[in-house]
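Residue-level structure breakdown
Below are the chains, spelled out letter by letter.
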Amino acid sequence: MKQEPLVRLLGVTKKISSKVLVDDVTFDIAPGQIFGFLGPNGAGKTTTIRMMVGLMSITQGDITIGGYSIRKNYEQAAAQIGAIVENPEMYKFLSGYNNLKHFARMMQGITKERIDEVVELVGLGNRIHEKVQTYSLGMRQRLGVAQALLHRPKLLILDEPTNGLDPQGIRELRDYLRRLTQEEGTTVFVSSHLLSEMELMCDTVGIIRHGKLVDIRQLRTDEGERMFEETAFTVSDADAAAALLQDYQAIAREHSVLVRGDRDMIADINAALVEAGIRVYAIQPVTRSLEDQFLEMTGGGSLVE
Amino acid sequence: MLNNFTRLVANENMKIYYRVRTWVMMGILVLFNAAMPVMLYLTDAPMDVWTVFTWTESFTIYLSAIFTVVIAADIVAGEFSGGTIKLLLIRPWSRGKILLSKFAALCLFGLLCAGITMVVGIAVSMLLFSGNAGFSDGFDGSPMSNSLLLLLTDTIQVFVISLIAFMLSTVFRSGGLAIGLSLLVLFTKDIFGFIFNPERFVWAKYLLFLHTDLSGYISSSVGPGGVGLGFSVAILAVYCILFMLVSWLAFTKRDVEA
């Protein structure tokens with residue numbers, strides 16, 4: 001079952017003078033997903049986000065949001081996006097409420113009730129009528145989320161959303177984003193360089209390095225279960241098992257074979273092994289943290305360059 | 001669509017008038033428009049209402065110019081220095097319309113300053129002085145219309161100077177630079193007019209400096225270098241369109257970077 005992607009990046013390239021910041025990046029994001037955009041600092045995450053929201057021009061390629069091109073139909077495309085780009089900088093001399101009123105005026109059909117609803121949602125309570133000057137960073141983050149959600153956007157873009165949040169705030173954000181995708185069908189695009197955060201939060205991650213998209217990886221199945229990358233069969237004769245499982249591209253280890261595959265395939269493999277007279281002692285999913293995979297993929301070294 | 005556009009202007013107005021700074025500036029403008037006639041009254045000089053208002057206006061117009069320039073310089077550059085430009089430009093509005101709403105709010109502020117000067121200055125002058133006391137101002141026409149025409153030409157000058165500030169604010173994204181350079185133009189234009197004298201250089205009559213102050217045409221139909229009012233107005237219009245075009249290009253075409 002393939003849904004029409006909500007977001008499409010088609011060969012997106014950004015050049016500033018002769019420096020290539022983002023190089024021919026292409027990927028789709030299906031609706032209702034939490035998509036994590038991962039990469040070391042300076043890899044081109046923020047540049048890509050700035051192109052998605054129209055703050056930067058696109059040198060080559062195009063981005064479409066719900067079928068509307070950012071280049072050609074900016075106003076229609078932007079109407080579907082809510083975003084926080086880096087820090088949520090609001091008008092400090094206005095109250096939180098007036099900030100929301102300001103952004104509500106720029107969008108179609110936002111009622112006073114909707115503003116109150118969003119204030120309730122992010123839990124700013126009575127302090128919404130105080131000037132933003134007096135807010136803590138956590139409160140500004142909440143106000144930032146509130147302004148991004150005002151118009152019930154189909155796509156919510158958050159650039160480094162966990163910056164400056166305490167562990168509880170991160171947890172709340174994670175739960176909240178999950179609820180948003182499930183209840184309102186919102187698609188969420190988050191960027192981060194914190195791998196462990198992304199692992200807990202995202203359905204799919206895209207990894208960018210030196211401006212190039214290195215990999216797209218699904219972390220969860222469509223049912224929301226964690227995806228297992230590999231399964232290890234502990235067997236009596238690993239080499240024989242590996243030879244038998246050539247079709248599955250099995251890798252022999254000392255006392256086990258590693259296979260990539262889904263549930264049904266694992267059952268089939270087990271049956272095949274038993275049939276061939278190889279004793280199976282254990283079948284275990286091998287979960288490697290995203291960090292391990294990331295380091296493996298990018299060849300280790302420093303994440304920050 | 002127009003209805004929606006007025007909401008953008010309402011936003012810009014909110015950002016101007018919810019600041020203490022704006023009310024301090026308004027307060028100073030009201031104060032000086034009232035204080036000047038009072039001080040002239042205390043000198044016991046035999047003056048009429050319109051002379052008093054002309055003197056008052058000649059002073060307070062500089063306040064209007066400074067305040068309007070401060071607003072103009074901040075209206076675009078302030079969004080960049082505060083980082084709010086990112087949240088402003090990701091809305092479903094083209095950048096051109098957002099810039100236009102800022103320009104409209106700026107024009108409204110300029111008109112408000114002129115309105116304060118007119119209402120407060122004339123009201124206090126009328127309260128303290130009466131009729132024509134025979135103090136000749138040497139102009140043709142009625143003292144009242146000359147006085148109001150001077151306010152009009154001075155307001156046009158404030159408009160041009162603040163448009164320069166608006167352009168610099170958009171191009172450099174720095175409010176300080178915009179305030180400094182545009183006020184420099186206001187205070188040094190006479191020196192430039194003297195150096196690039198249109199009597200000596202034929203091309204000098206096309207310079208902006210000579211034409212920002214149209215008040216000379218109230219008493220004389222011949223302007224700098226022998227040109228007429230129409231010529232001056234045309235030069236002003238061309239420069240204003242040029243400044244707007246530069247602002248528009250700088251605001252719509254450039255990337256918003258970190």
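By convention here, each chain's residues receive numbers from 1 onward along its written sequence. To read the labels, note that chains go from A and ligands from 1, taken in the order they are written. Given that this is a predicted model, residues contribute local features only at a pLDDT of at least 70 and side-chain atom pairs are listed and counted only at 80 or more, while totals for whole chains, interfaces and linings are drawn from all residues. Derived side-chain values reflect all non-hydrogen atoms in the structure, with water molecules and hydrogen atoms excluded from consideration.

Moving on, we get to the pairing of strand β3 (residues 34–38) of chain A. Residues and elements named next belong to chain A. Here the term buried applies to any residue with accessible area under 20% of the maximum for its type, exposed to any over 50%, and partly exposed to those in between, with areas from a 1.4 Å probe on protein chains only. By definition, any uninterrupted DSSP run of H or I lasting at least four residues is a helix, any uninterrupted run of E lasting at least two residues is a strand, and each is numbered from the N terminus. Among the five residues in β3, five count as buried, and that is most of the element. Residues I34, G36 and L38 of β3 are buried on one face, and the alternating residues F35 and F37, pointing to the opposite face, are buried as well. Think of it this way: DSSP has to see at least two bridges between two strands before they count as a pair. When β3 meets strand β8 (residues 187–192), the two strands line up parallel, connected through five bridges. What sits directly across from I34, in β8, is V188. As paired strands, β3 and strand β9 (residues 204–209) are joined by four bridges and run parallel to one another. Among the inter-strand pairings, F37 is bridged to a residue of β9, identified as G206.

Here the focus is the packing of helix α2 (residues 20–42) of chain B against helix α3 (residues 49–82) of chain B. All names here are of chain B. The angle between two axes is taken between their N-to-C directions and runs from 0 to 180 degrees, where each axis is a line fitted to C-alpha atoms and a helix contributes only its stretch in contact. Close contact between α2 and α3 brings their axes to 9 Å; oriented N to C, the two are set at 170°. Between α2 and α3, the angle falls in the class roughly antiparallel. Seen from α2, the contacting residues are R21, T22, M25, I28, L29, F32, N33, M36, P37 and L40; seen from α3, they are V52, W55, T56, F59, T60, L63, S64, F67, V70, I71 and D74. By the convention adopted, Pro, Cys, Tyr, Trp, Phe, Met, Ile, Leu, Val and Ala count as nonpolar, Lys, Arg, Asp and Glu as charged, and the other residues, Gly among them, as polar. Here the residues of the contact of α2 with α3 are counted per class, giving 14 nonpolar, five polar and two charged. The cut-offs work like this: below 35 degrees is roughly parallel, past 145 is roughly antiparallel, 65 to 115 is roughly perpendicular, and the gaps in between are oblique. By definition, residues are in contact when any of their heavy atoms lie within 4.5 Å.

A pair of Phe, Tyr and Trp rings is counted when the ring centres sit within 6.5 Å of each other, with Trp represented by its six-membered ring. The angle between the planes then sorts it: under 30 degrees is stacked, over 60 is edge-to-face, the rest tilted. Applying the stated criterion across every chain, the model contains 20 aromatic pairs over all chains. Between F27 of chain A and F37 of chain A, the aromatic rings sit 5.8 Å apart at their centres with planes inclined by 45°, giving tilted as the arrangement. Highlighted residues: F27 of chain A in strand β2 (residues 19–29) and F37 of chain A in strand β3, separated in sequence by 10 residues. We classify F27 of chain A as buried; its relative accessible area is 5%. Between F192 of chain B and F209 of chain B the ring centres are 4.8 Å apart and the planes differ by 15°, which places this aromatic pair in the stacked class. Of this pair, F192 of chain B sits in helix α7 (residues 175–195) while F209 of chain B sits in the loop between α7 and α8 (216–219), and the two are 17 residues apart along the sequence.

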